[in-house]
Amino acid sequence: MKEERGPWYLFTGLMLGAVLGLVYAWFYAPVKYMDVSPASLSEANKDQYRAVISAAFAANGDLPRARARLNLLNDPDPARVLAVQAQRALAEGHPEQEVYALGLLAVSLSEGEAPPNAFPIFASSTPSLVVETATPSPEPPTATAEEQLAANPGAGTATQRPSATSMLRPMTPTPTQLPTRTATPTPGSAFVLAERTALCEITLSDPLIIINTLDAADQPVPGVEVIVSWSGGEDRLVTGLKPELGLGYGDFHMTPGTSYSVHLAEGGEMAQGLVSNECETRSGNRFWGSWSLTFSQP
Amino acid sequence: MTRWFFFLLSIAIGAAAGLYYGWVVNPVKYLEASPGSLRADYKADFVLMTAEAYRADENLDLAVQRLSLLNDASPAESIALATVFAVKAGYGEADLALMQNLADALHSASPTQESSTP
């Protein structure tokens, strides 16, 4: 007796093959994107990319170039993203230089220019850069480095590739040993506590310690690290991360009943015994008061 | 026998369709790429940024740490590749000098400096 099974086995074969093909294409040998743009980076890698952009900006003060680089990340509001990253970096204990650079670029983007006193040390030692030639181009390059490498397959390591560096030897500047530098917001005199005022501002929704940092010319100084401490705790903030409130502005939310001390990370005078006082409006409404501190360079 | 032939043929056709769908129509999308996957011009600019920062802070460890994100054989390799691209793309002399400065610093550093990165 002969069994009639029909053409269903063909359908079974097609399905089996399709499943095998998809498994192979998606899991075993997925398409690899080797030439992605910075916008495709993971969030953690974007943070690192922004940190490097900021570090380069802190070194050369070239805002158009920094802006062009940031645009590659497709952030909706680069200044805000940088400010948030700066605060996060500060909270996570990243190096002070990194926090400063991120904050500086955030402020500069918001203001449309770099703060006048932001590059006290780096600017004089940085050569001028050619923006047109080095700003990353979104257009595909005419020849990639991989193609260069393919043309020279014997070159396995950098030491085996003298051509890449030897081409530049004549342009190498005379090495000059520079002094060890620390990225401080402003050189010169240490900050002193110039003003300490209790505020009863009902417009402030929460009790705050408001800090403003000014230089000797009464110009706001961004990127100054401030330490707020209290019994059993400590927090840090950096001025200038809320550029809409001022380049030298920083604030800290107080808990009523807690006594706070504030000083700058670089040292100097400390404001102690900052407690949120109870205030009252004319109509009898009670609310918690704030403090305003101004640190300035004499 | 004919039946087996058509069965295997249908599997092959199905597999081809699956591969076409998985590789062309709807390939795996990488939204979590690493700096090592960047296009050559972006990599070159990343190296330039690192060189710019290094020129100011002279922190070679930090520069090496940043270059290692590019996942090349070594930081020196990253600079070499970037330099090749930069020369080809017509980067300015000042930029090339910055990259060269970093390459020189890396070269003059102790061997452990270079071998400490993957």
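Scroll up for the structure.
Report follows, based on the coordinates. (Residues numbered from 1 in each chain as written. Chains lettered and ligands numbered in written order. Predicted model: local features only at pLDDT ≥ 70, side-chain atom pairs only at ≥ 80, totals over all residues. Heavy atoms only, no water.)

**Quick look at the pattern of salt bridges**
The line we're drawing: A pair is scored as a salt bridge if a Lys or Arg side-chain nitrogen falls within 4 Å of a carboxyl oxygen belonging to Asp or Glu. Strands are runs of DSSP state E lasting at least 2 residues, helices are runs of H or I lasting at least 4, and numbering of each runs from the N terminus. Throughout this description, buried means an accessible area under 20% of the type-specific maximum (1.4 Å probe, protein chains only), exposed means over 50%, and partly exposed covers the range between.
Tallying each qualifying case throughout the model produces 13 salt bridges over all chains. Its salt-bridge partner being B:Glu52, residue A:Arg65 comes within 2.2 Å of it at the nearest N-O pair. With one member in each of two chains, A:Arg65 in helix 3 (residues 63–71) and B:Glu52 in helix 2 (residues 40–57) form a pair that bridges those chains. Assessed through its relative accessible area of 1%, B:Glu52 is described here as buried. Salt bridges here are not isolated pairs; linked through shared partners, they connect A:Arg65, A:Arg69, B:Asp45, B:Glu52 and B:Asp95.

**Some remarks on helix 5 (residues 96–111) of chain A**
Residue and element names in this part refer to chain A. Applied cut-off: How far a helix is expected to stretch is found by multiplying one less than its residue total by 1.5 Å. Only heavy atoms matter for contacts: two residues are in contact if any of them lie within 4.5 Å across the pair.
In a regular helix each residue adds 1.5 Å, so 16 residues correspond to 22 Å; helix 5 covers 22 Å between its end C-alpha atoms and thus fits that length. Taken residue by residue, helix 5 has Val99, Tyr100, Ala101, Leu102, Gly103, Leu104, Leu105, Ala106, Val107, Ser108 and Leu109 as its buried positions. In this structure, the buried side of helix 5 is in contact with helix 2 (43–60), helix 3, helix 4 (78–91) and strand 4 (233–238). After helix 5 finishes, the residue Gly112 shows a positive phi value of roughly 85°.

**So, the packing of aromatic side chains**
Condition: Aromatic contacts are taken between Phe, Tyr and Trp rings whose centres are within 6.5 Å, Trp giving its six-membered ring; a plane angle under 30 degrees counts as stacked, one over 60 as edge-to-face, and the others as tilted. We count a charge as sitting over a ring when the NZ of a lysine or the CZ of an arginine lies within 6 Å of the ring centre and within 35 degrees of the ring normal.
Summed over all chains, the structure comprises eleven aromatic pairs over all chains. Taking 5.9 Å as the distance between ring centres and 65° as the angle between the ring planes, the aromatic pair formed by A:Tyr24 and B:Trp23 counts as edge-to-face. Of this pair, A:Tyr24 sits in helix 1 (residues 8–28) while B:Trp23 is found in helix 1 (residues 2–25), placing the two residues in two different chains. Of the residues examined, B:Trp23 reaches a relative accessible area of 34% and is grouped as partly exposed. For the ring pair A:Tyr49 and B:Phe46, a centre distance of 5.7 Å and an interplane angle of 40° mean the geometry is tilted. Remark: B:Phe46 occurs in helix 2 and A:Tyr49 occurs in helix 2; the pair is interchain, linking two chains. In this structure, A:Tyr49 and B:Phe46 share a single accessibility class: buried. Directly above the ring of A:Trp291 sits A:Arg196, whose terminal nitrogen or CZ lies 5.0 Å from the centroid.

**Here's the deal with the pairing of strand 7 (residues 267–274) of chain A**
Residue and element names in this part refer to chain A. Basically, it comes down to this: Between any two strands, pairing holds if DSSP finds at least two bridges.
Strand direction decides the pairing type here: strand 6 (residues 260–264) and strand 7, joined by three bridges, are antiparallel. From the neighbouring strand, Tyr260 faces strand 7, where its bridge partner is Leu274. Linking strand 6 back to strand 7 in an antiparallel pair, the connection comprises two residues.

The values reported here are purely geometric and, on their own, carry no functional implication.
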